[in-house]
Amino acid sequence: MSYNLLILESPGANITATMFVIHGLGHSAYTMKPFVERLLKHDKFKHIRFVLPDSSLVNMTARKGKATKSWFDIYDFMNFEEQDHKGAWKAASNFRRLIKDEIEIRKIPPSRIVVSGFSQGAAMAYMTTASLDIKIRALISLSGFIPVVDSFATNVVDANKSTPMLHCHGNEDNFIFLDIAKYSLNLLRKNGFQDITYKEYDGLDHSFGRDDEFQDVCTFLEKMIPPIDAEEKSKL
């Protein structure tokens, strides 16, 4: 399956990096657009091409077949062990293809690619990066988790075990509870992913973009993929 893509970049800019921004359950690429536009207001991010994939509609089991924007089916919101493993890993495969297209067609070096997402989108970022056989620069998770615990280890490869990861989470998240997030981070560490920076935000619910969280994302992103000139890019 191929996804529709919303592309945001500064007109006329020298694009030397790509950031994938993956939306959450029930959202669309346009949900993430204001967050990305806020990033693009900063001169230090005008060299980044932002790719916002848009999911299709899924007849969701947990919602009695109601068509819902989602990357995979959800069987039960209260039972993370009973999930659509096949569909989730299929979606991760689609995202791996998007990343490889960015490298092969757009000629963006893997060391200049960041994968990010919110909620279910962050889940896809984790699964995609963990199963990708090419090392990318970094991952950013906003209120993320790993939904496919039982099948996670068997799909992990070594390429991104040293890739820096930023996990941001509110301590009043009433959808992806902190316990779920921390369990997911421990699962990552058990499978060899050690470069994880965890940021917890007092009073933040299941949302993204609050000023303190946004600033942490900016600081991390600037460190991971700073502006470079064409000569530097050619050496990568």
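Thresholds applied
- Residues numbered from 1 in each chain as written.
- Predicted model: local features only at pLDDT ≥ 70, side-chain atom pairs only at ≥ 80, totals over all residues.
- Heavy atoms only, no water.
- Phe/Tyr/Trp six-rings, centres within 6.5 Å; stacked < 30°, edge-to-face > 60°.
- Helix = DSSP H or I, 4+ residues; strand = E, 2+ residues; numbered from the N terminus.
- 1 Å grid on protein atoms, 1.4 Å probe; cavity = no way out; pocket = protein on both sides within 12 Å on 5 of 7 lines; lining within 4 Å.
- Points joined across faces, edges and corners; volume = space filled by probe spheres on them.
- Nonpolar A, V, L, I, M, F, W, Y, C, P; charged D, E, K, R; others polar.
- Salt bridge = Lys/Arg side-chain N within 4 Å of Asp/Glu carboxyl O.
- Buried < 20%, exposed > 50% of the residue type's maximum accessible area, 1.4 Å probe, protein only.
- Pairing = 2+ DSSP bridges.
- Axes fitted to C-alpha atoms, helices over the stretch in contact; angles between N-to-C directions.
- Contact = heavy atoms within 4.5 Å.
- Expected span 1.5 Å × (residues − 1).
- Arc of directions from axis to C-beta.

**Regarding the packing of aromatic side chains**
Logical step 1: Scanning the entire structure with this criterion turns up eight aromatic pairs.
Logical step 2: Ring centres of Phe118 and Phe208 lie 4.7 Å apart, and the angle between their planes is 45°; this geometry places the pair in the tilted category. Pair noted here: Phe118 is in strand E6 (residues 113-118) and Phe208 is in the loop between strand E9 (196-201) and helix H6 (211-224), with a separation of 90 residues, a long-range link.
Logical step 3: Connected via pairs of aromatic rings, a cluster forms that spans Phe35, Phe118, Phe208 and Phe214.

**Quick word on empty space enclosed by the protein**
Logical step 1: Per the stated rule, a full pass over the model turns up one cavity of 30 Å³ or more.
Logical step 2: By volume, the largest cavity amounts to about 40 Å³.
Logical step 3: Among the elements of the structure, strand E2 (17-22), helix H1 (29-40), E6 and strand E7 (138-142) are those that each provide at least two residues to the lining of the largest cavity.
Logical step 4: When residues in the lining of the largest cavity are grouped by element, the largest group, three residues, is from E6.
Logical step 5: Looking at side-chain class alone, the lining of the largest cavity contains eight nonpolar, two polar and no charged residues.

**Re the pattern of salt bridges**
Logical step 1: Applying the stated criterion to the full structure yields twelve salt bridges.
Logical step 2: Where Asp211 meets Arg38, a salt bridge forms, and the shortest distance between an N and an O atom there is 2.6 Å. With Asp211 in helix H6 and Arg38 in helix H1, this pair connects stretches of sequence that are 173 residues apart.
Logical step 3: What makes Asp211 exposed here is its relative accessible area of 57%.
Logical step 4: Taken together, the shared-partner salt bridges in this structure form one network comprising Glu9, Arg49 and Glu102.

**Re the pairing of E2**
Logical step 1: Taking burial as the measure, the six residues of E2 include six buried ones, the bulk of the element.
Logical step 2: In E2, alternate side chains face the same way, and those of Ala17, Met19 and Val21 on one face and Thr18, Phe20 and Ile22 on the other are all buried.
Logical step 3: The sheet contact formed by E2 and strand E3 (residues 48-54) spans four bridges and is parallel. Across the sheet, residue Ala17 finds its bridge partner in E3, namely Ile48.

**Observations regarding the sheet that holds E2**
Logical step 1: With mixed pairing, seven strands are arranged side by side in an open sheet as E1-E3-E2-E6-E7-E8-E9. At either margin of the open sheet sits one strand with a lone partner, and together these are strand E1 (4-8) and E9. Along the sheet, successive strands turn relative to each other by an average axial angle of 15°, direction set aside.
Logical step 2: Helix-sheet contacts for helix H2 (residues 85-104) involve E1, E2, E3 and E6, and the interaxial angle to E2 is about 160°.
Logical step 3: Strands E2, E3, E6, E7, strand E8 (165-170) and E9 of the sheet are contacted by H6, whose axis makes an angle of about 175° with E7.

**As for H1**
Logical step 1: Relative to the 16 Å expected for twelve residues at 1.5 Å per residue, H1 spans 16 Å between its end C-alpha atoms, a close match to the ideal helical length.
Logical step 2: Buried within H1 are the following residues: Ala29, Met32, Phe35, Val36, Leu39 and Leu40. The buried residues of H1 occupy an angular sector of 145° when the element is viewed end-on, so they sit on one face. The exposed residues of H1 that point more than 90 degrees off its buried face are Tyr30 and Pro34.
Logical step 3: Looking at the buried side of H1, the elements it contacts are E1, E2, E3, E6, E7 and H6.

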